[in-house]
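# Inside the fold
So the chains spell out like this:
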Amino acid sequence: MSDTLTAMRPEDAERCADLESLLFAGDGPWSADAFRSELDHAHNRYVVVRDSEGVVIGYAGIALLGNTFAPEAEVHTIGVDPEHRRRGLGSLLLAELLRLADRHGGPVFLEVRTDNDAALALYRREGFEVVGTRRNYYQPSGADAYTMRRPHPSSVSEEQQP
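Anyway, here's the lowdown on the structure attached to this text. Since the structure is predicted, the reported quantities are computational estimates derived from the model, not experimental observations.

## Comments concerning unusual backbone geometry
For the bond from Gln139 to Pro140, the omega torsion is 10°, close enough to zero to count as cis. Among the secondary structure elements, Pro140 is positioned in the loop between strand S6 (129-138) and strand S7 (143-150). The backbone of Arg86 shows a phi angle near 65°, a positive value even though the residue is not glycine. A positive phi angle, near 55°, is found at Asn136, a position not held by glycine. Checked against the element boundaries, Asn136 lands in strand S6.

## Let's talk about the packing of helix H3 (residues 89-104) against helix H4 (residues 117-125)
Contact geometry for H3 and H4: axes closest at 11 Å, N-to-C directions at 45°. In terms of orientation, H3 and H4 fall into the oblique class. Of the two possible hands of crossing, H3 and H4 adopt the one that is right-handed. Across from Gly90, Ser91 and Leu94 in H3, the residues of H4 making contact are Leu122, Tyr123 and Arg125. Looking at side-chain class alone, the contact of H3 with H4 contains three nonpolar, two polar and one charged residues.

## What to know about the side chain of Asp51
Within the secondary structure layout, Asp51 lies in the loop between strand S2 (44-50) and strand S3 (56-65). A polar contact of 2.9 Å, which involves the side chain of Asp51, links it to the backbone nitrogen of Glu53. Excluding anything up to four places from it in sequence, Asp51 contacts Asp3 and Ile57.

Rules and cut-offs
Every chain begins its residue count from 1, and numbering advances along the sequence as written. Per-residue local features of the predicted model are confined to residues with pLDDT of at least 70, and side-chain atom pairs are confined, for both listing and counting, to 80 or more; whole-chain, interface and lining totals are unaffected and use all residues. Water and hydrogen atoms were dropped before computing side-chain values, which therefore reflect all heavy atoms in the structure. Helix numbering and strand numbering both begin at the N terminus, where a helix is a DSSP run of H or I of at least 4 residues and a strand a DSSP run of E of at least 2. Orientation is described by lines fitted to C-alpha atoms, with helices fitted over the stretch in contact, and by angles between N-to-C directions that extend from 0 to 180 degrees. An angle below 35 degrees is read as roughly parallel, one above 145 as roughly antiparallel, one from 65 to 115 as roughly perpendicular, and any other as oblique. Rotating anticlockwise by less than a right angle from the far helix to the near helix defines a left-handed crossing, while the corresponding clockwise rotation defines a right-handed one. Contact between two residues is taken to exist if any of their heavy atoms lie within 4.5 Å; hydrogens are not considered. Residue polarity is assigned by list, with Asp, Glu, Lys and Arg as charged and Ala, Val, Leu, Ile, Met, Phe, Trp, Tyr, Cys and Pro as nonpolar; anything else, Gly included, falls into the polar class. Any N or O atom pair separated by 3.5 Å or less is treated as a polar contact, with the protein-specific requirement of one donor-capable and one acceptor-capable atom, and with residues adjacent in sequence counted only for side-chain atom pairs.

Structure follows, in structure tokens:
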């Protein structure tokens, strides 16, 4: 049995919080309660990747915002267990978030540390561009973040497509 992508469940919150603490220790990692709270909001979608034994090895979440006339989405988080990196799990998680966002409509926004080269490369491959910088965004580390935007695929003209 290989890795599987499923909807996050409330019982996954503890494991996701453990991964957050490992991945984002100096940047105010989310608690299990924060993950459970995110699952309570109807506009949020969270997914996890489970290994062959059912252990959560990656997670991601997005908010589908706006209305029919001005939809947009915001990636809230993506994290992959360091022991399982370089296997395409971040790409798999992001692809699922973008699938949900594209169905919802509108552009997709996110924030990412300015020094997170791996994440920046992934986001750029998926069509995100830097649109601003947020100074001291991550606390308590004080690290800066880029705000990135990806237009909805239907808003990109054929001339702009590769």
